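Structure assessment
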Amino acid sequence: MKKTILLLLFCSIMIPISAQKTFEQKADSIIALMTLDEKTGQLNMVTGNWEATGPVLRGSDDKVKLLKEGKIGSMLNIRGTKHTRDMQAQALSSRLGIPLLFGLDVIHGYRTVFPIPLAISSSFDPEAIILASRVAARESVVSGIHWTFSPMIDVSRDPRWGRVMEGPGEDTYWASIMAKAMVEGYQQPFDDGLELMACAKHFAAYGAAIGGRDYNTVDISMQTLHNVYLPPFKAAADSGIASFMCAFNEINGVPASGNKYLYDILYNTWGYKGLVVSDWGSIGEMVVHGYSKDRETAAQQAIEAGVTIDMESNCYSRYLKQLVEEGKVSEQTLDNEVRKVLVQKYKLGLFDDPYRYCNPEKEANEILTPANREAARDVARKSIILLKNEGLLPVEMPKKIAVIGPYAGAKRDMDGNWTVATDKDVAVTLLEALKTRYPGSEISFAKGFDSKENNDRSGFEEAITIAGKADIVLLTLGEHWGMSGEARSRGDIHLPGVQEELACKIYETNKNTITLVMGGRPMIFNQVSEKAPAILYTWWLGTEAGNAMLDVICGEYNPSARVPMSFPKHLGQIPVYYNRKNSGRPSVDAEGNYSNRYIDIDYKPRYPFAYGLSYTSFEYKDITVSKDNDRILIKLNLTNTGDYDGKELVQVYVRKLWGESTRPIKELKACENIFLKKGENKEIEMSIPCSGLRYYGQNGWEDGKGDYKIFVGRNAEEMIFDTEIPVY
Ligand code: BGC
């Protein structure tokens, strides 16, 4: 019997190839052979747990049995050619032998760790983003991985939310560019035919959780949903992304995992053809939300909305068959989702060779290579933001260097959160990089404070003593790696503990102090901002962190990164973001009454969106704006007027002055990172397609025609040019 089915399956696969059938048709040939159990199996994703020695299946006998019965279609958290091969073999021994998909959270690199996504976002450099995704993709596919659960493209305006580290930051336009670049980097097939599926997550508006508390309710207007949160997902869909992942949150009363409104937009309005995976357990959580009556209803609501795969809630595996048998869910609905999974397996070539991603030789030779590390270093230095510089940077390293702060020597903290495959002792710390690069220097080190014991001052004395004896001090401050990430929202985003107190003492002791702040989100550090002579915001930079920091400190790389989400001055300002609405009584600088501000704190952020300094300076001249058929054209002349080669992020913002719905006071609509050698001068031309002005208003989509103000700015608050122009 089994032989007949296998033969049938073989023929059904082989015949279409000769007849040049599409992947959909090939998938249908298989669907015709499948039982209901096997169909629901394709929609069931389960985890393998990872322990020191390798993967462990929780209730392992059961999962192996399910694999052999064809009741699991994909797995997450199994990695490495050996382990994925072992699991694949179990699945192939099932009646139809349909291969498994292996997914993993490759969020910022696989074994070679790149900066966290929020840091890469601050590079404002699509090429760097593509490079980071490309290396991550290669290391993944040679390790048995078919699918990364990335890019995370949740716009967020709340730095308390722990997951801002994984995302693009506050701006919708830039997030859309980043989404496109990441999809390109991840999904482009490699020369040997291997390719990675990417996943746009979390669909949608997860970043709008009330109060920045992870998993919290999302209650937003349709205008904000469409204008702020959805466009990066549309960009990912338009770029041909293979999968989407549901968000945990509800939106206006309906959890994302069963939200027909969202999936109608995705499949019908955007014409998306890929699959949708739930988030971990999120189908079952619709009961907890108080939306689904029970888990059976949750399964029905999810599949009817268009959610293809159930990750780890077991609602599909437990109830789908029964729902179809009882006629509550049509078999066609089930088949539609199964087809999406099989099509992806065809695209990856798994029906031709289920082990094609399991070549141990490639795995041994292509991971953590010098070239990959060089790429990580390059992206890392492009991700460091120069926040302040009173002429101290760049420095020629003197003889006596004092290094202060636990993060200077903490390998684990270099990688940051969300690194599932990396070895925790690979990253280069600042201290190690210094010792390697300056073997002749006298380098002293003191922790000064403890990253976990927040109020411990016992290390102050030693730190102040070494600061007093040094020519230069490198002071590392920040939050430790476990303080940002999923379920790591913070109610207070000041630099933790006594760090600022120590920093002030160090500044008093040694004026030549360079402060490096590490972390996964914008933090508040007003005293440091005011008193430090030089501040670099380094985020978590990954494997080559220490080397990249030194490259910037020494001027081998002139910093070019910019703030990807506004840094607040006060907790009470949050949410603080640049593309706010004007209101009828706009905020004013003076403490005037009756304006849109608090009486006790400033309304402006500490560092606005797109802020960032360079070792050189740029002059803008001859800026003109005109309308040319279906575009707005911006021309300008840019000169590097300083002493170093460097990059300038040229930014164009627009404001629609009036209309049927109000629009933000500024929206970024074009930006370009321009490299100029010192003294060099260039004519720059940028354009905004009129289609980019479309917006969702009170009556749905509007073409955006109207009277506009166009700005060119150094960052979102500091404009150097503006003009009004009709766009009709
Ligand atoms: C996260 C996802 C992730 C998934 C699988 C969830 O908790 O929200 O972003 O992809 O786990 O690890």
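If you're wondering where the values come from, they're calculated on a predicted model, not measured in any experiment. (Residues numbered from 1 in each chain as written. Predicted model: local features only at pLDDT ≥ 70, side-chain atom pairs only at ≥ 80, totals over all residues. Heavy atoms only, no water.)

1. Points about unusual backbone geometry
Note the cis peptide between K201 and H202, where omega equals 5°. Residues F203 and A204 are joined by a peptide bond in cis, for which omega reads 0°. One can find A204 in the loop between β7 (199–203) and α9 (222–229). Even without a glycine there, the phi angle at N252 is positive, about 50°. Tracing the backbone through its elements, the reader meets N252 in the loop between β9 (250–251) and β10 (254–255). Of note in this structure, W418 is not a glycine but carries a positive phi near 65°. Position of W418 among the secondary structure elements: in the loop between α18 (411–415) and α19 (430–437). (Helix = DSSP H or I, 4+ residues; strand = E, 2+ residues; numbered from the N terminus.)

2. Brief notes about the side chain of R663
On the secondary structure map, R663 appears in the loop between β21 (646–656) and β22 (667–676). Among the polar contacts listed, one links the side chain of R663 to the side chain of E667, at a separation of 3.3 Å. (Polar contact = N/O pair within 3.5 Å; in protein donor to acceptor, adjacent residues only side chain to side chain.)

3. Some remarks on α9
Residues of α9 that are buried: L225, H226, N227, V228 and Y229. Of the surrounding elements, those touching the buried residues of α9 are α8 (172–187), α10 (231–238), β9, α11 (260–269), β24 (695–697) and β25 (700–702). (Buried < 20%, exposed > 50% of the residue type's maximum accessible area, 1.4 Å probe, protein only. Contact = heavy atoms within 4.5 Å.)

4. Details of the sheet that holds strand β1 (residues 44–47)
Read from one edge of the open sheet, five strands run β6-β5-β4-β1-β12, paired in parallel fashion. Taken across any chain shown, the strands that pair with only one partner, and hence form the sheet edges, are β6 (147–148) and β12 (310–311). Taken together, the two bridges between strand β5 (residues 101–104) and β6 define a ladder with parallel strand orientation. Directly across from L104, in β6, lies its bridge partner T148. (Pairing = 2+ DSSP bridges.)

5. As for the confidence of the model for the protein
For the protein, mean pLDDT is 95; residues scoring 70 or higher make up 95% of the total. Ignoring residues within four places in sequence, the model shows residues 1–8, a span with pLDDT below 50, making eight contacts including any to other chains. Long-range and interchain partners of residues 10–18, a stretch whose pLDDT sits below 50, account for nine contacts in this model, where long-range means more than four residues apart. (pLDDT = per-residue confidence, 0-100.)

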